Amino acid sequence: MIDIKHLSKYFNNQKVLDDISLHVNAGEIFAIVGHSGAGKSTLLRCINGLESYSEGNLSVLDKEVKTLSASELNSLRSHIGMIFQNFSLLNQKNVYDNIALPMSVWGYDKDAIQKRVDELLSLIGLEHKKFAYPKELSGGQKQRVAIARALTLNPKILLSDEATSALDPNTTKSILELLQEINAKLGVTIIIVTHEMDVVKKVASRALLLEDGKVIGLGRIEELFLKPDEKMMKFLGEDEELPSEGANIRLFFPSNVSYQPIVTQMARELDLNFNIVWGKLEKLNNHVVGSLVINVDEQTANVVTHYLQTKTEVIWEIL
Amino acid sequence: MEALVTFFEKSLAMKSVLMDALLETLTMSLVSTFLATLIGFVLAIILITTDKNGIAPNAYTYKFLDVTINMLRSFPFIILIIVLFPVTKFLVGKHTGTFAMIVPLTIGTAPFIARMIEGAFKEVDSSVVEAAKSFGTSKFQIIFRVLLPEAYPSIISAITLSLIIIVGFSAMAGTVGGGGLGAVAMNYGYYRFDGIYIFWTVFILIVLVQIFQSIGDFLYKIIKH
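Owing to the predicted nature of the structure, the values given are computational and were not obtained by experimental measurement.

Student: I'm lost on the overall build of chain A in this one. Help?
Tutor: Helices and strands together make up the secondary structure of chain A, namely 11 helices and 14 strands. By its C-alpha atoms, chain A is 75 × 50 × 30 Å across when sized along the principal axes. For chain A, with 319 residues in total, the buried portion stands at 55%. For chain A, the exposed surface amounts to about 14,900 Å²; the carbon and sulfur share of it is 46%. Between the mean site of the 34 positive side-chain charges and the mean site of the 41 negative ones, chain A shows a separation of 8 Å.

Given below as structure tokens:
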């Protein structure tokens, strides 16, 4: 669906995107994560040609974006919806006209527009606000209208640029649920740019981590969050303080075992005491997964790992 | 008491002169505002399009217009009228009178209106333009389907403000050969030293400006969402 190879972008001789390669599959929710200034919005805007790139290839729906003429680019853009942090609605137009705008720009007839707008209004649950103006809407409602507008032309891809960053947690949740519904029901591939880890954990299946324009992580959410490497750990701001004596063993609990009492069971069966020095349980993409670090004597480390290997499905590593 | 009676008698005698002058002022102001708005609108669209953050940046066109507009705006208006005498004569056939004054009024205020409308366009949130681009809106459509409707209320305010400035300018034009209330204030009030003429011209101008501003405010209020 989207194929990016060795993409780089310079801005005033400064490299803002540095050798990025990634592939987004049809139908997935993909997250681009990074702190502000990491280049994530720039990367997103390259996908629909709102930003240009200096080197590398970027193919969207089998078209190399860089080589498109203005009208070819506009026609590609009609297959890609986009939503923004500050909603970007036309304040002088009501909800109906805002949602209708992409279709009326593309010259659809009135009946087709009316039918589509009504469908979308019921999808976003704002039928009663059809003739309201943006200033009469809450932030969450504005974003819903913006989502409807982005879906008007039946796009295959939806780009979301910090769409929940200006919203409170409850509204964020409901907008994310709407995006998941759109992904599941309409099969729209969604690419989310965000700096909020909670958003990534909640909806994305895979993520790309960006720092200073460079990729520092790419993969499935479970792997990124549960087996973070050093860079990822720094990125998440999770510097764990582990004891320097004894052996530290990290246990990963995949979603199918995360509710089982493995640790206490092991302590009882091995008749062994150990310290739990770090741990967390997280809900990723509706799966609960956990990670725990225990500290044992050097001598008993073998016993523990042997137990974990043979009796449980837990993945482990000695730190 | 006697003074008051004289005041009213004199005022009544001025009625037809003042009415004619008012009509001339209205003609000059409204026609000039209309023409200056048309020219200013076109200039504003070229400015906003060729601006470095515009939808089709062109540094040379922008700079050329920018400097030209600034040059025209730096003329004191009364000097501009005199400088434009040959142009006015060429276009209208003479350089005095109500219709002749429409030329310098239009040329003098079009750059101002262009700047005001450019400002109204610039006020439109750039992310709205970005959103429009994101669903494949062409450049032409961005101007007329996105920027224009969004800037519409501010443009109405700009036209109201310009109209009021043109009323003031038209009075100034009256002192160098134009007609209207300015000419009456000058010829009767200043040269003949008749305070009652001054009083009535100023009074009519105040009422006129109030009416224009109220209409402008009302229009803004009903179209602004």
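Student: What should I look at first to understand the sheet that holds strand β1 (residues 2–11) of chain A in this one?
Tutor: Hydrogen bonds along the backbone pair up the strands of a sheet, which may run parallel or antiparallel. All names here are of chain A. Taken together, the 4 strands give an open sheet; going across it, the order is β2-β1-β4-β5, and neighbouring strands pair in antiparallel fashion. Bordering the open sheet on either side are β2 (14–24) and β5 (63–64), each of which pairs with just one other strand. Contacts from helix α1 (residues 40–47) reach β1, β2 and β4 (55–60), with the element oriented near 60° to β2.

Student: Which parts of the structure should I look at to understand the sheet that holds strand β10 (residues 214–220) of chain A?
Tutor: Residues and elements named next belong to chain A. Spatial strand order, β6-β7-β8-β3-β9-β10: 6 strands in an open sheet with mixed pairing. In this open sheet, the two strands that pair with only one neighbour each are β6 (80–83) and β10. Recorded for the sheet is a direction-independent mean angle of 15° between the axes of neighbouring strands.

Student: In this structure, what is going on with unusual backbone geometry? I would like to understand it.
Tutor: Outside of glycine, negative phi angles account for most residues, and trans bonds account for most peptide bonds. Residue and element names in this part refer to chain A. Despite not being glycine, L61 has its phi angle at roughly 50°, a positive value. Checked against the element boundaries, L61 lands in the loop between β4 and β5. Not every positive phi belongs to a glycine, and D271 is a case in point at roughly 50°. In this fold, D271 is placed in the loop between α10 (262–270) and β12 (275–284).

Student: Could you clarify how one ought to interpret the interface of chain B and chain A in this entry?
Tutor: As a measure of interface size, the accessible area lost when the parts come together is often cited. Taken together, the contact between chain B and chain A spans 20 residues of the former and 25 residues of the latter. Buried area between chain B and chain A, summed over both chains or domains, comes out near 2,000 Å², and the portion from carbon and sulfur atoms is 54%. Three residues, B:S134, B:F135 and B:H225, lead the burial of chain B against chain A; their summed loss comes to 36% of the area buried on that side. Taken together, the connections running from chain B to chain A amount to 1 salt bridge. The closest approach of N and O atoms between A:R45 and B:E130, which form a salt bridge, is 2.6 Å.

Student: What is the right way to read the packing of aromatic side chains from this model?
Tutor: The relative placement of two aromatic rings is captured by the distance of their centres and the angle of their planes. All names here are of chain B. Using the criterion set out here, one finds 12 aromatic pairs over all chains in the structure. Each ring, one from W200 and one from F203, has its centre 5.4 Å from the other, and the planes form 85°; the classification is edge-to-face. One end of the pair is W200 and the other is F203, both in helix α9 (residues 195–223) and 3 residues apart, which spans about a single turn. Overall, the relative accessible area of 22% leaves W200 in the partly exposed class. A connected cluster of aromatic rings, assembled from ring pairs, spans F7, F8, F199, W200 and F203.

Student: For this particular structure, what's the right way to read the pattern of salt bridges?
Tutor: Two side chains that carry opposite charge are able to pair once their charged atoms sit near each other. Using the criterion set out here, one finds 19 salt bridges over all chains in the structure. A salt bridge links A:D118 to A:K130; the nearest nitrogen and oxygen atoms lie 3.1 Å apart. Remark: A:K130 occurs in the loop between α4 (110–124) and α5 (139–151) and A:D118 occurs in helix α4; sequence separation between them is 12 residues. As a salt-bridge pair, B:E118 and B:K122 come within 3.5 Å of each other at their nearest N and O atoms. Linking B:E118 with B:K122, this pair stays in helix α5 (residues 98–123), spanning 4 residues, or about one helical turn.

Conventions adopted
Residues numbered from 1 in each chain as written. Chains lettered and ligands numbered in written order. Predicted model: local features only at pLDDT ≥ 70, side-chain atom pairs only at ≥ 80, totals over all residues. Heavy atoms only, no water. Helix = DSSP H or I, 4+ residues; strand = E, 2+ residues; numbered from the N terminus. Buried < 20%, exposed > 50% of the residue type's maximum accessible area, 1.4 Å probe, protein only. Areas by Shrake-Rupley, 256 points an atom, 1.4 Å probe, with all protein chains shown as cover. Lys, Arg positive; Asp, Glu negative; His and termini not counted. Charge placed at Lys NZ, Arg CZ, Asp CG, Glu CD. Pairing = 2+ DSSP bridges. Contact = heavy atoms within 4.5 Å. Axes fitted to C-alpha atoms, helices over the stretch in contact; angles between N-to-C directions. Buried area = accessible area lost by both parts, 1.4 Å probe. Salt bridge = Lys/Arg side-chain N within 4 Å of Asp/Glu carboxyl O. Phe/Tyr/Trp six-rings, centres within 6.5 Å; stacked < 30°, edge-to-face > 60°.

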